[in-house]
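# Descriptive structure summary
Chain by chain, the residues:
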Amino acid sequence: MKRLAILASGSGSNAEKIMEHFKNSEKGQIALVASNKAEAFVLERAKKFNVSSFTFSKKELEEGFLLEKLKTEKIDWVILAGFLLKIPAELIRAFPDRMVNIHPALLPKYGGKGMYGAHVHEAVKAAGDSETGITIHLVNENYDEGKIIFQAATPVNPDDSPEDIATKVHALEHRYFPEVIDSLL
Ligand SMILES: Nc1nc2c(c(=O)[nH]1)N[C@@H](CN(C=O)c1ccc(C(=O)N[C@@H](CCC(=O)O)C(=O)O)cc1)CN2
Ligand SMILES: NCC(=O)N[C@@H]1O[C@H](COP(=O)([O-])[O-])[C@@H](O)[C@H]1O
């Protein structure tokens, strides 16, 4: 049974879908949910699934506290699901090809520093793109440059607002992210 930790900074709708997917799994167990925001709703979602959770600061991330916690908890995989801080190289090295992120666009478009959440959908709208989608990728030292594992696309209509685009992208995320993670274990 692989032990998974989810890192999230916000609402946690993806985290919830992942916890739901693995709640009766014989392959993987969501052992931890961790956030850099004490007010993140993902922490409430973890309680609903009786998943242990904790918060950590950017300083604790950068100084190795999170890494030590993941080692103590014998975590095998780290899942970034709306996590908004840069993962330090030392933490990435501790989980070689075992750290996965979801990005709400078709990388390499709309990736990098500043490209998160609504900022991504606003950029897609501003560019007038006819499609967008999701990218699930391994995590390396740079934002959104790790090996792409999976992508799925959805049409963007000219009258779609950034919020409409977000709704379409979230639907793809919730449909595919749990299954892609499962396929990696
Ligand atoms: N080493 C890595 N760390 C992280 C990656 C990665 O690929 N390599 N992915 C991100 C997730 N992400 C896009 O998928 C992403 C998240 C946040 C940002 C960003 O610009 N963040 C701001 C800070 C925002 C805040 O503090 O609220 C910043 O760095 O100034 C870009 C991309 C997770 N970590
Ligand atoms: N670049 C990282 C990024 O923008 N991640 C995005 O944050 C959202 C989190 O939603 P959630 O908290 O409801 O799962 C998701 O759309 C995810 O792709």
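The rules behind the values
Residues numbered from 1 in each chain as written. Chains lettered and ligands numbered in written order. Predicted model: local features only at pLDDT ≥ 70, side-chain atom pairs only at ≥ 80, totals over all residues. Heavy atoms only, no water. Axes fitted to C-alpha atoms, helices over the stretch in contact; angles between N-to-C directions. Helix = DSSP H or I, 4+ residues; strand = E, 2+ residues; numbered from the N terminus. Parallel < 35°, antiparallel > 145°, perpendicular 65-115°, else oblique. Left-handed = near helix turned anticlockwise from the far one by under 90°. Contact = heavy atoms within 4.5 Å. Nonpolar A, V, L, I, M, F, W, Y, C, P; charged D, E, K, R; others polar. pLDDT = per-residue confidence, 0-100. Pairing = 2+ DSSP bridges. Phe/Tyr/Trp six-rings, centres within 6.5 Å; stacked < 30°, edge-to-face > 60°. Buried < 20%, exposed > 50% of the residue type's maximum accessible area, 1.4 Å probe, protein only. Lys NZ or Arg CZ within 6 Å of the ring centre and 35° of its normal.

This part covers the packing of helix H1 (residues 13-22) against helix H7 (residues 162-184). Axis separation between H1 and H7 bottoms out at 9 Å; the angle between their running directions is 40°. The angle between H1 and H7 falls in the class oblique. Crossing of H1 against H7: the hand is right-handed. Contact with H1, carried on its side by Ser-13, Asn-14, Lys-17, Ile-18, His-21 and Phe-22, involves His-170, Glu-173, His-174, Phe-177, Pro-178, Glu-179, Ile-181 and Asp-182 of H7 and no other residues of that element. For the contact of H1 with H7, a count of residues per class yields five nonpolar, five polar and four charged.

Mean pLDDT over the protein: 98, with 100% of residues reaching 70 or higher. For this predicted complex, the interface score ipTM comes out at 0.98, while the overall pTM is 0.98.

Taking strand neighbours across the sheet as the criterion, the seven strands line up as E3-E2-E1-E4-E5-E6-E7 in an open arrangement whose pairing is mixed. The open sheet has two edge strands with one neighbour each: strand E3 (52-55) and strand E7 (148-155). Here the average twist between neighbouring strands, direction ignored, is 20°.

Inspection of every chain in the model, using the stated rule, returns four aromatic pairs. The interplanar angle of 85° and the centroid separation of 6.3 Å between the aromatic rings of Phe-54 and Phe-65 together place this pair among those described as edge-to-face. Of the two residues, Phe-54 is situated in strand E3 and Phe-65 in helix H4 (residues 65-72); the sequence distance between them amounts to eleven residues. Judged by centre distance (5.9 Å) and plane angle (45°), the rings of Phe-56 and Phe-83 are tilted. Within this pair, whereas Phe-56 is found in the loop between E3 and helix H3 (58-62), its partner Phe-83 is found in the loop between strand E4 (77-80) and helix H5 (89-94), the two being separated by 27 residues in sequence. Side by side, Phe-56 and Phe-83 carry an identical accessibility label, which is buried. A connected cluster of aromatic rings, assembled from ring pairs, spans Phe-54, Phe-56, Phe-65 and Phe-83. The ring of Tyr-143 has Lys-86 sitting right over it, with the charged end atom 4.6 Å from the ring centre.

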